[in-house]
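In case you want the letters, here they are:
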Amino acid sequence: MKNVLTICRRELGAYFTSPVGYIFMIVFIAISVGLYITTFFTFPVADMRSYFGNLPVLLCVFIPAITMRVWAEERKENTWELLLTFPMRAWELSIGKFLASLAFFALTLASTLTVPAMLISLGNPDGGAIFSAYLGTLLLGAYFLSIGIFFSGFCKDQIVAFVVTLLACFSIFLMGTGFIAAYINDLIPGWGSMLGELVGLSDHYSAFTRGVIEMADVLYFVAWTAVFLTLNIIFIDGRSRPKARLYFSGTVVGCVLIGLLGNWLIRDMSLLRLDMTEGKVFTISQASKNILSAIDTPVQVKLYVTPKRDMPTGMANFEQDVTDKLDELRVASGGNIQYSVVHLTAANAIDGGVTIADGSEPEEEEEGEEEALEKRMLDKGIRPHSVQMLSQDQMTNKLIYSSIGIGYKEKQEDILPNLLPQDLMNIEYRLVSTIFKLTQEEPPVVVIMAPQEQVTIDPQMRQMMLQMGQQVPETEDPYSFLQRILESEKYSVQRVDISPQSPLPEEFDTLVVADPRKLSDRQRWEINRVLASGISVVMAVQNREFDYQATRQGLSLNQRDEAPAVNPLLEKYGITVSADHLMDVNHVALNVSSGGSGGLAALLNMGQPIDLPTHMLINNETMDQDTSITSRLSTVFYLWGSRLVLDEDKFVELGIDVKTLMRTTGNAWTAPSMNQDAIEQPDSGEAFPIMVLASGQFPDAYAGLDRPAWPAPAPSQFGQPTPPPPVETGEPDELVLAPGKLVVIGGAEMWRDNFINPRSGGPGNFDLFLNTVDAVTLGDDLLNVRGHKPIDRIIASPSSGTKTRWKLINYGFAISVISIAGILTTLARRRSRNAYTLAHSAG
């Protein structure tokens, strides 16, 4: 290795004896870091996936600039033959040059560590994922370096070596992209996908950027790096031998074939897998293992899918990805999951028949049997669906099957329909959740109490609707999505008003009270008995709403204030929903359509942006990381919410354990009224609790008091008669006390239909609601499975000074250090050269 290190030192020194090496490092840092920082502070997230996603393209350009001189300069300056006369073997020369270029690239890559330093300072990045991505980038750089060294050996001109290497690197990179694979598939069916699997590097590199170190991916980069270095060694060693070109050409063909064969052998293998992410989000969770191992009868899972040859290019690996996950679940469950693959051809279904296969090609069936099979598939809910694909230089639609059926004992098969590659991130939760709920004797029952809002209809429109025979709606349900969410998760859901006409059922598991605007004493009495009897209660309280309207005169703001109707009850447990306005520096703008009718619907339209500190965005940093409800949430949109006032002495007196699940940032403030002075950020702020989980034995707050009577119902909007409240006789049923759970949130607006929908309000509000209900109803295991996924690590908007400081550090620190080092090295070399000249002149 002495000769290798000698060559390595010589080559590494050559990078820094001229300005070229320093310029390369400066330009690489300026472009790679600059592209990331330019958009980072617009919506700061403690994640570097976008940074590493751009690097393969940049490396296709910058790596050839490193390697173009490795051999080409030797040949151009006629030092090639002189170097080869040294007592060194060809492999020592090649490996020494490769190690020098790799060390130079690693040093350049290390100069970008100011980016993760910034993320650590501002937020909570996933260190394991960042380390994995840097390792993958180093391996990718080594691969491209070996290619550049290989082609540099053929060229006397550095520019020619640069261009040839650039084309080779770009070709290999593009071969693994879906666009190129689809284009080739369109010309020669199947070839694009095959070349992408055997040659392309995108899938291998993307695994590292996700935080997964797969041994097969490491072997891909190491093997191809070794192939090109070996070819370079053979070329140099046999340059002057008889028939050297023929021998070398055969060696190239053999090495490439061996490399392709190796890729083909390991493409679907998992030799060793290290999940470097925080929480091991790409590995089957312990919660899934707990749920699956408790099953008493094996669950039958069937994958209904179109064969790979008929799949669009972007879904060519869909079957393999799903079966890989099913294999992991089968092992984790100890054999409690058994699966099979059923191949269905959509084209046959359209013609009146379905081709089915279970791991093998189907046998021919009679037409009547095919039609019966198709009908059975349709009855199950297994239907082909349309996906877009590139064909003949245009986007077309193709019908495919991609559904999963789950069967347990004699129960009807449950279908997860129309799955797509983007659904694979949540496939573990969807499978385990369905299995868990199928194996329950009875579905859990959740009762929802949420207000209906009066609909104001123009009298002329009302008359027109009546003439057309249409029913005139008196109310609308702004919380209908809550019921739909729970029903999609296999809950049994009942809507009640807690009134004589709509009472609480006799048996249920959880009560959700959303936006309790006006509660009678009797309704509070009913909720009290529910909580004291050990049934979980989730309560989202909204003190106020605003109606924004953009007019020519400016913003018109109408406010609806209501005293917290639940405070008389919550105060008995030591919790109070404050009536003050809550504001935070971490907020987002909403859009109000100008000239519209205003209201919540207007917030989702494009129009005039309204940026008020009451539009709070709660980040993961201010959520409790030890509670499954909030530990894996990214952000929650907390609109017009209130803070909670907690009485610690009361908790101690009652023996209730209370944990704060969410807080504002430390720069939040409150105001008794909403005006221009109130929305100005004060010099100092405070972190206020906005969501708590209380657990323990809740007292009967009405013990020793008479049961409150039902209040008289409010008159109908249209003058319709209302029945009088019932007269109750006798004593209420005896209350059996039991420990329970109470979740209180100082806002309900985020759970309205407009904001709980992941497409409009963001996934955080959706996940928060489902996490809360799951936690208090089913326990933590299922909740931990849902939270077993990557999260967006949103960073609270930093101050202007902080932004400027980190921009200067990222743009200037590394570049300044490199520039100073380059200048000092140049001056030192000049001084040494002048001293040498003077010494010889004097002599």
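Before reading further, recall that the structure is shown in the block above.
On a predicted model such as this, the values are computed, not experimentally measured, just so you know. (Residues numbered from 1 in each chain as written. Predicted model: local features only at pLDDT ≥ 70, side-chain atom pairs only at ≥ 80, totals over all residues. Heavy atoms only, no water.)

(A) Summary view of the packing of aromatic side chains. Applying the stated rule across the entire model yields 28 aromatic pairs. Seen in terms of ring centroids, F154 and F235 are 4.7 Å apart; in terms of plane orientation they differ by 65°. Their pairing is edge-to-face. Of this pair, F154 sits in the loop between α8 (127-152) and α9 (158-175) while F235 sits in helix α13 (residues 215-237), and the two are 81 residues apart along the sequence. Here R69 stacks its cationic end above the ring of Y15, 5.1 Å away from the centre of that ring. Over the aromatic face of W71 sits the side chain of K97, whose NZ or CZ is 4.8 Å from the ring centroid. (Phe/Tyr/Trp six-rings, centres within 6.5 Å; stacked < 30°, edge-to-face > 60°. Helix = DSSP H or I, 4+ residues; strand = E, 2+ residues; numbered from the N terminus. Lys NZ or Arg CZ within 6 Å of the ring centre and 35° of its normal.)

(B) Representation of the nonpolar core within the structure. By size, the foremost hydrophobic cluster in this structure holds 78 residues, and its most contacted members are F318, I404, L486, W751, L768 and F769. Beyond its immediate sequence surroundings of up to four residues, I404 is in contact with V301, K302, L303, V322, D414, I415, L416, L419, I427 and L431. Listed in part, the 77 residues of the second largest apolar core include F28, L55, C255 and I795. (Core = buried A, V, L, I, M, F, W, Y, C linked by side-chain atoms within 4.5 Å. Buried < 20%, exposed > 50% of the residue type's maximum accessible area, 1.4 Å probe, protein only. Contact = heavy atoms within 4.5 Å.)

(C) View of the packing of α8 against α13. Running from amino to carboxyl end, α8 crosses α13 at an angle of 15°, the nearest separation of the two axes being 8 Å. Considering the angle they form, α8 stands roughly parallel to α13. Regarding α8 and α13, the two cross each other, and that crossing is left-handed. Seen from α8, the contacting residues are L139, L140, A142, Y143, S146, I147, I149 and F150; seen from α13, they are V218, Y220, F221, V222, W224, T225, F228, L229, L231 and N232. Along the lines of polarity and charge, the residues of the contact of α8 with α13 split into 15 nonpolar, 3 polar and no charged. (Axes fitted to C-alpha atoms, helices over the stretch in contact; angles between N-to-C directions. Parallel < 35°, antiparallel > 145°, perpendicular 65-115°, else oblique. Left-handed = near helix turned anticlockwise from the far one by under 90°. Nonpolar A, V, L, I, M, F, W, Y, C, P; charged D, E, K, R; others polar.)

(D) Quick peek at the environment of Y491. Topologically, Y491 is positioned in the loop between α21 (480-488) and β12 (492-495). Its relative accessible area of 4% is what places Y491 among the buried residues. Y491 sits 47 residues away from P444 along the chain, and the two C-alpha atoms are 5.5 Å apart. Discounting chain neighbours no more than four positions away, the residues touching Y491 are K437, P444, V446, L486, V773, D774, T777 and L778. Here D774 takes part through its side chain, which lies 2.3 Å from a polar atom of the side chain of Y491. (Polar contact = N/O pair within 3.5 Å; in protein donor to acceptor, adjacent residues only side chain to side chain.)

(E) Structural view of a nonpolar patch on the surface. A grouping of Y183, L187, I188, W191 and M194 is seen on the molecular surface, where their side chains present a nonpolar patch of about 510 Å² in accessible area. Every element with two or more residues in the nonpolar patch is listed here: α10 (178-187) and α11 (191-198). By relative accessible area, I188 is classed as partly exposed at 43%. (Patch = residues over 30% accessible without salt bridge, like charges linked within 9 Å, V, L, I, M, F, W, Y side chains within 5 Å. Areas by Shrake-Rupley, 256 points an atom, 1.4 Å probe, with all protein chains shown as cover. Salt bridge = Lys/Arg side-chain N within 4 Å of Asp/Glu carboxyl O.)

(F) Spotlight on the environment of I435. Here I435 lies in helix α19 (residues 427-438). Look at I435 and you get buried, because its relative accessible area is 1%. Sequence separation between I435 and V301 is 134 residues, and the spatial gap between their C-alpha atoms is 9.7 Å.

(G) Here's a closer look at unusual backbone geometry. For N418, which is not a glycine, the phi torsion comes out positive at approximately 50°. If you trace the backbone, N418 turns up in the loop between β8 (414-416) and α19. Judged by its relative accessible area of 35%, N418 falls in the partly exposed class. Non-glycine residue I498 carries a positive phi angle of around 50°. Inspection of the secondary structure puts I498 in the loop between β12 and β13 (510-514). The buried category is assigned to I498, whose relative accessible area is 1%.

(H) Structural detail: the side chain of Q542. Within the fold, Q542 resides in the loop between β14 (536-540) and β15 (544-551). Here A748 takes part through its backbone nitrogen, which lies 2.7 Å from a polar atom of the side chain of Q542. A polar contact of 2.8 Å, which involves the side chain of Q542, links it to the backbone nitrogen of E749. Those residues in contact with Q542, other than ones at most four positions away along the chain, are D515, L639, W640, G641, G747, A748 and E749.

(I) Structural view of the sheet that holds β13. Read from one edge of the open sheet, 7 strands run β12-β9-β13-β14-β27-β26-β24, paired in mixed fashion. Across the chains shown, the open sheet's two edge strands, defined by having one partner strand only, are β12 and β24 (657-663). Strand after strand, the sheet turns through a mean of 15° between neighbouring axes, direction not considered. Here β14 runs beside strand β27 (residues 740-745); their pairing, made up of 4 bridges, is parallel. Bridged to V537 within β27 is L742. On top of the sheet, α21 reaches β9 (445-449), β12 and β13; it is set at about 160° to β12, its chief contact. (Pairing = 2+ DSSP bridges.)

(J) A look at the sheet that holds strand β4 (residues 337-343). With mixed pairing, 4 strands are arranged side by side in an open sheet as β4-β3-β7-β8. Sheet topology places β4 and β8 at the edges, where each strand pairs with a single neighbour. Recorded for the sheet is a direction-independent mean angle of 20° between the axes of neighbouring strands. Across 7 bridges, strand β3 (residues 299-305) lies against β4 in parallel orientation. From the neighbouring strand, L303 faces β4, where its bridge partner is V341. Here α19 sits on the sheet in contact with β3, β4, β7 (402-407) and β8, set at roughly 30° to β7.

(K) Just the pattern of salt bridges, in detail. What the rule picks out here adds up to 21 salt bridges. We note a salt bridge from D327 to R330, for which the minimum N-O separation is 3.4 Å. Taken together, the residues span about one helical turn, with D327 and R330 both in helix α16 (residues 318-332) at a distance of 3 residues. The class of R330 is partly exposed, set by a relative accessible area of 37%.

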